[in-house]
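Structural overview
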Amino acid sequence: MRRRAAEYRRPVRRRFSYWIWALFGLFSIAGLVLLVVHHNQHEDRVEQPVLERNTGLEQVAHESLNFTAEILSARSFSRQLAEQMTLAKAYVIIAKEHNNLHLAWELSSKIRNCQLLLSKAAMRGEPVTLEEAEPIIKSLSYLIFRAEDAHYDIATTIMTMKSHIQALEERANAATVQSTVFGQLAAEALPKSLHCLNVKLTADWLRKPSLQELADDKRNSPRLMDNNLYHFCIFSDNVLATSLVVNSTVSNADHPKQLVFHIVTNGINYGTMQAWFLSNDFKGSTIEVQNVEEFSWFNASYAPIVKQLLNADSRAYYIGGYQDNVALKLRSPKYQSLLNHLRFYIPEIYPQLEKVVFLDDDVVVQKDLTPLFSLDLHGNVNGAVETCLEAFHRYYKYLNFSNTIISSKFDPQACGWAFGMNVFDLIAWKKANVTARYHYWQEQNADGTLWRVGTLPPGLLTFYGLTEPLDRRWHVLGLGYDLNIDNRLIESAAVVHFNGFMKPWLKLAIDRYKPLWERYVNQSHPYLQDCVTS
């Protein structure tokens, strides 16, 4: 009677095994194969000296067994053990769901025995024998029949497995989102050493009237409007990062005294910036620091971005909760900063200048940049390095081409380019009325349907047909997220850009690239020494 019952159940068990295999078998076998490969690799490393001492015949016999193929062979005992183990793992979960803890414990114990046997077979390089496999297969079969007798039918089992898979997927997705959030928070947080530096510099600005008098004297320097000099603009609230940009630029310039740096920051960091750049010499270059809050023309009635940032719905989007992984990086507080959008108003800020080089505060300059000013832009406004050679850098990746306003005017396959090191011809800018074009696209995107957030998408629209491609070596990107940039490309680059979360002044910076940034830090400065040690 018991044998007939077993024969009756065998077809059901086979169908059940098929469905469970479809759900979990591939994962278990794949994991087992990886385990076997790891063991084989380990054996190759550890046992090689022993094999060299053995006879040649023994070595050939040892290497003739491919245990990966063995575990995948339908006729091998290893494969049968793996299938039994997969089925047993499924029943462990179901037994626990039904509070049958004793059965779950028995199954788990046999699973461990099965894993141990397979591991030993992989380590010794010999197939599992019938004598080794038979007791485990019999005991597992008996326990699986017991589980079937407990009315764990196929439909219930499949639904249970599907619910577990769904729960695991949800947990994995939540963990991914949480990991990204933590990464973003770490990237946004100001390190204690930088906060310390800001405090010391602000104190100097407030208690030393001589610094404020010196700032007033330099405010009207004729060098600030001299088009025979080389003008660079940086918009940032990070004093150390801005200092690195300036220091690396002058350190690699052939004639640093001919360089002029125009820095714009916010009201909170204005005193900090002034105190730092007035107290330190950068090889005789001229440095101007301005406060964006003193730009009376930069208001909601003139600039659509100011109006949008003042809108409650827009602010809620920028600082709202982290609900999905796709838009996490787009919710960075930097997009609330007006400094991030000043790049579209350079002619308004510097009406007397004819050409400038714009630099982000997360770049490091490695070569003389003054040749940029003599490049022929062929009547274009923006000189930039194209990014088509990298993934996700064509127009359709940034813009909503399902909207006819976009699809009717732009090529979705058009090549994107990089903000961070740009040459701007301000005469051509005014002639093309570029700022008005930017305003138009910002107004069209008031509801956020043309692009999400950021400055690159409106930049792609604004400078469409007005951008001159530069040699790729002028600007190499990705040092804030890409671990595998070719060293030769980095060495040949005039500017390397730490775009991404892993900024060089943070602990989560990529170690391989961090020395490129640190070489331009004035480690001997007493404030930096005090702030690091404290």
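Quantities reported herein were computed from a predicted structural model and do not represent experimental measurements. (Residues numbered from 1 in each chain as written. Predicted model: local features only at pLDDT ≥ 70, side-chain atom pairs only at ≥ 80, totals over all residues. Heavy atoms only, no water.)

1. Looking at the overall build of the protein
Tallying secondary structure elements over the protein gives 22 helices and 9 strands in all. Residue pairs in contact within the protein that sit at least 24 positions apart in sequence constitute 76% of those at least 6 positions apart. When the accessible surface of the protein is totalled, it reaches about 27300 Å², and 53% of it is carbon and sulfur. (Helix = DSSP H or I, 4+ residues; strand = E, 2+ residues; numbered from the N terminus. Contact = heavy atoms within 4.5 Å. Areas by Shrake-Rupley, 256 points an atom, 1.4 Å probe, with all protein chains shown as cover.)

2. Some remarks on the environment of P351
The topology assignment puts P351 in the loop between α14 (346-349) and β4 (355-359). Sequence-wise, P351 and K430 are 79 residues apart; in three dimensions their C-alpha atoms are separated by 9.8 Å.

3. Some details on the pairing of β4
For a regular strand, the rule is simple: side chains alternate between the two faces of the sheet. Taking burial as the measure, the 5 residues of β4 include 5 buried ones, the bulk of the element. Of the two faces of β4, both are covered, the one formed by K355, V357 and L359 as well as the one formed by V356 and F358. Where strand β1 (residues 230-235) meets β4, 2 bridges bridge the pair, whose relative direction is parallel. Its bridge partner lying in β4, F232 is registered against V357. Where β4 lies against strand β7 (residues 421-425), 5 bridges are found, and the strand directions are antiparallel. Following the sheet pairing, V356 is matched in β7 by F424. (Buried < 20%, exposed > 50% of the residue type's maximum accessible area, 1.4 Å probe, protein only. Pairing = 2+ DSSP bridges.)

4. Let's talk about the pattern of salt bridges
For the structure shown, the criterion picks out 12 salt bridges. As a salt-bridge pair, R146 and E106 come within 2.7 Å of each other at their nearest N and O atoms. Here the residue R146 occupies a position in helix α6 (residues 130-149), and E106 occupies one in helix α5 (residues 101-124), the gap between them amounting to 40 residues. Classification of E106 as buried rests on a relative accessible area of 19%. (Salt bridge = Lys/Arg side-chain N within 4 Å of Asp/Glu carboxyl O.)

5. Focus on the nonpolar core
With 63 residues, the main nonpolar core has L197, V246, F277, L359 and L369 as its most contacted residues. For this core, the element with the highest residue contribution is helix α10 (residues 239-251), accounting for 7 residues. Among residues more than four places away in sequence, those in contact with L359 are F232, C233, I234, V245, T249, V365, L369, G420 and M421. Core analysis: the second largest hydrophobic core is formed by 44 residues, F295, I305, A384 and W429 among them. (Core = buried A, V, L, I, M, F, W, Y, C linked by side-chain atoms within 4.5 Å.)

6. Section: the sheet that holds strand β3 (residues 286-291)
Here 7 strands make up an open sheet; going across it, the order is β3-β2-β1-β4-β7-β6-β8 and the pairing mixed. Every interior strand has two partners, whereas the edge strands, β3 and β8 (467-469), have only one. Sheet twist, expressed as the average angle between the axes of neighbouring strands with direction ignored, equals 25 degrees. Direction of pairing for strand β6 (residues 382-384) relative to β7: antiparallel, over a ladder of 2 bridges. Directly across from G383, in β7, lies its bridge partner V423. Contacting β1, β2 (259-265), β3 and β4, α10 crosses the sheet at an angle of about 170 degrees to β2. Helix α11 (residues 267-279) contacts β2 and β3 of the sheet and is inclined by roughly 165 degrees relative to β3. (Axes fitted to C-alpha atoms, helices over the stretch in contact; angles between N-to-C directions.)

7. A look at α10
For the α-helix, the turn length of 3.6 residues means that residues three or four positions removed from each other point alike. When the terminal C-alpha atoms of α10 are compared, their 18 Å separation across 13 residues agrees well with the 18 Å that a helix rising 1.5 Å per residue should span. With 11 of 13 residues buried, α10 is to be regarded as a mostly interior element. Every buried residue of α10 is accounted for by V239, L240, A241, T242, S243, L244, V245, V246, S248, T249 and V250. Structurally, the start of α10 carries an N-cap: the backbone nitrogen of L240 is 3.2 Å from a side-chain oxygen of N238. (Expected span 1.5 Å × (residues − 1). Polar contact = N/O pair within 3.5 Å; in protein donor to acceptor, adjacent residues only side chain to side chain.)

8. A look at the environment of N100
Locating N100 in the fold gives a position in the loop between α4 (77-97) and α5. The exposure class of N100 is partly exposed, given its relative accessible area of 26%. Sequence-wise, N100 and A147 are 47 residues apart; in three dimensions their C-alpha atoms are separated by 9.7 Å.

9. Re the packing of aromatic side chains
Per the stated rule, a full pass over the model turns up 28 aromatic pairs. With centroids separated by 5.9 Å and ring planes inclined at 85 degrees, the aromatic side chains of F344 and F419 adopt a geometry described as edge-to-face. Linking F344 in the loop between α13 (312-319) and α14 with F419 in the loop between α16 (404-407) and β7, this pair joins segments that are 75 residues apart in sequence. Its guanidinium or amino end placed over the ring of Y527, K200 lies 5.6 Å from that ring's centre, counting from NZ or CZ. Above the face of the F419 ring, R343 is positioned so that its terminal group lies 4.8 Å from the ring centre. (Phe/Tyr/Trp six-rings, centres within 6.5 Å; stacked < 30°, edge-to-face > 60°. Lys NZ or Arg CZ within 6 Å of the ring centre and 35° of its normal.)

10. A look at helix α22 (residues 526-533)
For α22, the full list of buried residues reads Y527, L528 and C531. Looking straight down α22, one finds that the buried residues subtend no more than 95 degrees of arc, so they occupy a single side. Where α22 is buried, its residues touch α8 (192-207), α10 and α11. (Arc of directions from axis to C-beta.)

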